[in-house]
Amino acid sequence: MLRNYFNLKVSFRNLWKSKGFSAINIIGLAIGLSTCLLILIFVMDELGYDRYNTKADRIYRLDGDIKFGGNHFILAVAPAPAGPAVRRDYPEVETEARFRMQGGRLVKKGNQNIQEDAVIYADSTLFDVFTLPMIAGNPHTALVDAHTVVITERMAKKYFDAVDVVGRTLMINDTIPYKVTGVIKDIPVQSHFHYDFFLSMTELDEAKQNDQWLSNNFNTYIVLRKGTDPKKFEAKLGQLVYKYIGPLLRQAVNQSVEDFFKAGNSVSFSLMPLTDIHLHSNKTAELEANGNLQYVYIFTAVAFFILLIACVNFMNLSTARSANRAKEVGIRKVLGSLRGSLVSQFMIESILLSFISMLLALGLAYLLVPVFNELSGKEMAIGLFSRPWLVPAMLALVVIVGILAGSYPAFFLSGFRPIAVLKGNVAAGFKTGWLRNSLVVFQFGISIFLLVGTAVIYRQLSYIHSRALGFNREQVLIVDNTWHLGNDVSAFKEKLLKLPGVEGATMTGFLPTSYNRNDDAIFLSPDLDTKKAISMQTWQIDENYIPVLGMTMAAGRNFSKEFPTDSNAAIVNEAAVRLMQGADPMRQELYRLEDIKTKKLDKYHIVGVVKDFNFNSLREVVTPMVLFLHEDRGQIALRVSPENVHRLVGQIGEIWRQMAPSQPFSFLFMDDAFNNLYRTEQRMGGISLSFSLLAIFIACLGLFGLAAYAAEQRTREIGIRKVLGASVGGIVGLLSRDFLRLVVISAVIAFPLAWWAMHHWLQDFAYRITIGWEVFAAAGVVAVGIALVTVSFQAVRAALANPVKSLRSE
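Residues numbered from 1 in each chain as written. Predicted model: local features only at pLDDT ≥ 70, side-chain atom pairs only at ≥ 80, totals over all residues. Heavy atoms only, no water.

A.B. asks: Just checking my understanding: could you explain the packing of aromatic side chains for this structure?
C.D. replies: Two aromatic rings are characterised by how far apart their centres lie and by the angle between their planes. In this structure the tally under the stated criterion is 31 aromatic pairs. Between Phe42 and Phe372, the aromatic rings sit 6.0 Å apart at their centres with planes inclined by 85°, giving edge-to-face as the arrangement. With Phe42 in helix α3 (residues 19-47) and Phe372 in helix α13 (residues 339-376), this pair connects stretches of sequence that are 330 residues apart. Across this residue pair, the class does not change: Phe42 and Phe372 are buried. Relative to Phe233, the ring of Tyr90 has its centre 5.3 Å away and its plane inclined at 80°; by these criteria the two rings are edge-to-face. Here the residue Tyr90 occupies a position in the loop between α4 (82-89) and β4 (93-100), and Phe233 occupies one in helix α7 (residues 230-235), the gap between them amounting to 143 residues. On the basis of relative accessible area, Phe233 is assigned to the buried category, the value being 1%. Three or more aromatic residues joined by ring pairs make a cluster, and in this case those are Phe99, Phe130, Phe193, Tyr195, Phe198 and Tyr221. One cation-aromatic arrangement involves Arg467 over Tyr767; the distance from NZ or CZ to the ring centre is 4.1 Å. Its end group placed over the ring of Phe674, Arg473 keeps NZ or CZ at 4.1 Å from the ring centre. (Phe/Tyr/Trp six-rings, centres within 6.5 Å; stacked < 30°, edge-to-face > 60°. Helix = DSSP H or I, 4+ residues; strand = E, 2+ residues; numbered from the N terminus. Buried < 20%, exposed > 50% of the residue type's maximum accessible area, 1.4 Å probe, protein only. Lys NZ or Arg CZ within 6 Å of the ring centre and 35° of its normal.)

A.B. asks: How should the packing of α4 against helix α8 (residues 238-253) be read in this particular structure?
C.D. replies: In a packed pair of helices, the relevant descriptors are the angle between the two axes and the axis-to-axis distance. For the pair α4 and α8, the least separation of the axes is 12 Å and the interaxial angle reads 115°. Considering only the axes of α4 and α8, their crossing is right-handed. Contacts between α4 and α8 involve Ala85, Val86, Arg88 and Asp89 on the former and, on the latter, Leu240, Lys243 and Tyr244. Of the residues that constitute the contact of α4 with α8, the class distribution is four nonpolar, no polar and three charged. (Axes fitted to C-alpha atoms, helices over the stretch in contact; angles between N-to-C directions. Left-handed = near helix turned anticlockwise from the far one by under 90°. Contact = heavy atoms within 4.5 Å. Nonpolar A, V, L, I, M, F, W, Y, C, P; charged D, E, K, R; others polar.)

A.B. asks: Whenever I open this one, the sheet that holds strand β15 (residues 476-479) confuses me. Can you help?
C.D. replies: Picture the strands of a sheet paired through backbone hydrogen bonds; they go either parallel or antiparallel. One open sheet accounts for four strands, arranged β16-β24-β15-β25; its pairing is antiparallel. What marks the edges here is a single partner per strand, and that holds for β16 (502-508) and β25 (667-669). Strand-to-strand twist across the sheet, computed as the mean angle between neighbouring axes with direction ignored, equals 20°. Two strands pair when backbone bridges link them, and β16 and strand β24 (residues 635-640) are joined in this way by six bridges, in the antiparallel orientation. When the bridges of β24 are listed, Val502 appears paired with Val640. Across the sheet, helix α17 (residues 489-497) is in contact with β15, β16 and β24; its angle to β16 comes to roughly 165°. Across the face of the sheet, helix α20 (residues 645-659) comes into contact with β15, β16, β24 and β25 while running at roughly 20° to β15. (Pairing = 2+ DSSP bridges.)

A.B. asks: Please clarify how unusual backbone geometry should be interpreted in this entry.
C.D. replies: Across the chain, the bulk of peptide bonds are trans and the bulk of non-glycine residues have phi less than zero. Not every positive phi belongs to a glycine, and Ala285 is a case in point at roughly 70°. Residue placement: Ala285 occurs in the loop between α10 (277-280) and α11 (293-320).

Below, the structure written as structure tokens:
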């Protein structure tokens, strides 16, 4: 008998005997396990960023935090002298290295220039901080000299068709030859930066200036010595403000640090652990867009709940089938079986079913990886052999799921009293299973929660795309890198204006959908009183900027060539006016400190107020801005007609190639650039929708099985009702009513929880929707509709059955 209890053949026979229920369980568990597996790999990938560095636990980024002029700047950068000063002043610092972003560069290959955006300036100590294995070259001397560059293996192959290219030359920006002094392995995917060209910082004058403490442009990393307490060290960083920034404040605005702070301003420095950057840092001037810890928590919880729904299916269907196995249990007990032995048999069946589901889940996961990568924007692989922890984790998951799903049915079934069972007195059917009903409520509660969450995410995204932004992003074509044309850029613009379909053109380096930003202190009085200072975005535009982008003037006028004095004119936005302490903006003069040492001021008069327009993500409120009339050759934005856009792009490209044959032609549409700002939310919405559908599908699998069993248990009752004249609709309603009541209860429980969670999520957006009743109504209708269709299939089938057959079988 013992051999039979632990005989897999017996377990297989029991599963095969109830093929339909086994299939429902296996499919449900397989979907739950594959989802769990994919998200487990996703979470481990997110948590593993930057851990490839051998000094990862001692590397910290030095971040700035500034409150000034009504704004609060939480920065991922620090002043140029901060890194060297920290290493010089604090013995706890082993070494430091800085990055300086200055945009992409043109790199020549043959006679053709190629635009490369993954370019950055770096200190020669870069390789003392980060673990970037060098294939060729000396890491200690590679970036010591000016006009030297270290490139990745991929770029070496791209430009030289070889790897050992130390000593070779790359022509950058068509003017400067850079000597390749090192080739490193490609940057790992799990890194918070991915650059292919590291230019020597030595050639940057701003990197050498020790008085540039009021400008924050350098991503600075330090390595603390072993045994250093980062919290205690961080507390010492305040000394930098008094030692280095204090004298500059007194020189610039004639204020001490204490007076500066009393005026409501502040400057401080903090440490960000390297391994926390990807998930915990979303500051200004990040090297790349980082991940979001909130989404990691959400996906982990969703994976757990989807797996739990699949386990609930097993528990529900196993207990619902208790009557079918009651006689087996009774006979085994009469023949001397102990309860523990019966529990073991049922647990083995559960773990076997879980194992089969895991095999199927692996196949599903391999099939779904490309889809999941598309949704999440990653490049993950299952990697059974590359991830040594994965196989043990999967086996542990099989056992845990098997025990979790099989524990209640095992103890429930093994607890039957043999005398009552053999007499046929076993509580069966749908109505008597209070725990089963609770589990159905739990399943659909989670599914409805996910439906509401998905609906809110998509409504917020729809709101973002439809909200009036203060400018018209539709039909705006942006030609990038027009500075390559040099003095011919104005002639290029004039040629474009003559093309049919071009309605207007503006030349600027600042656009609402680009990442180029410039913040400066603007004073309302010439005495440089910091209490009358406003921190503003300062953009250079031409007189066509406002009409081409469809902006609206709230007061005053736009820039005009008819007014020669507009060279010293300014246009501010409404956010800036609100901080002018009630002054009439049209009579207000603005002052900008051009040189700290000489205290030379630039003076501007305001000629207009432009209505606020969003130039950051809708997660942030519109901040003060001032526009100056000044030629900037960075980009040309064209207002184009919707007809024959592709033909127009071809014509523009042809003119570009005539004027700059060796320069790459690059363009994009402003609405595409805008959509890129919300790529994370779009991915979140897609993944949430997929999870919601999976949860609903698994829950419906269980409901389908329960409805089939309920109909099977009430076959005789249905037959008698039909003989007595009951209609098909009446019988369908009878069998569906109890299930639909459970779905309604699920909705009542899920709605407030979903509202709380999504209300919390929406707080990240400065401009957001309100969660209306229609979201919950739609989710409820969808859930009830799906449940009704699922149950009705079995109910109609039972109602249409011939009552003579059902009564004869009884």
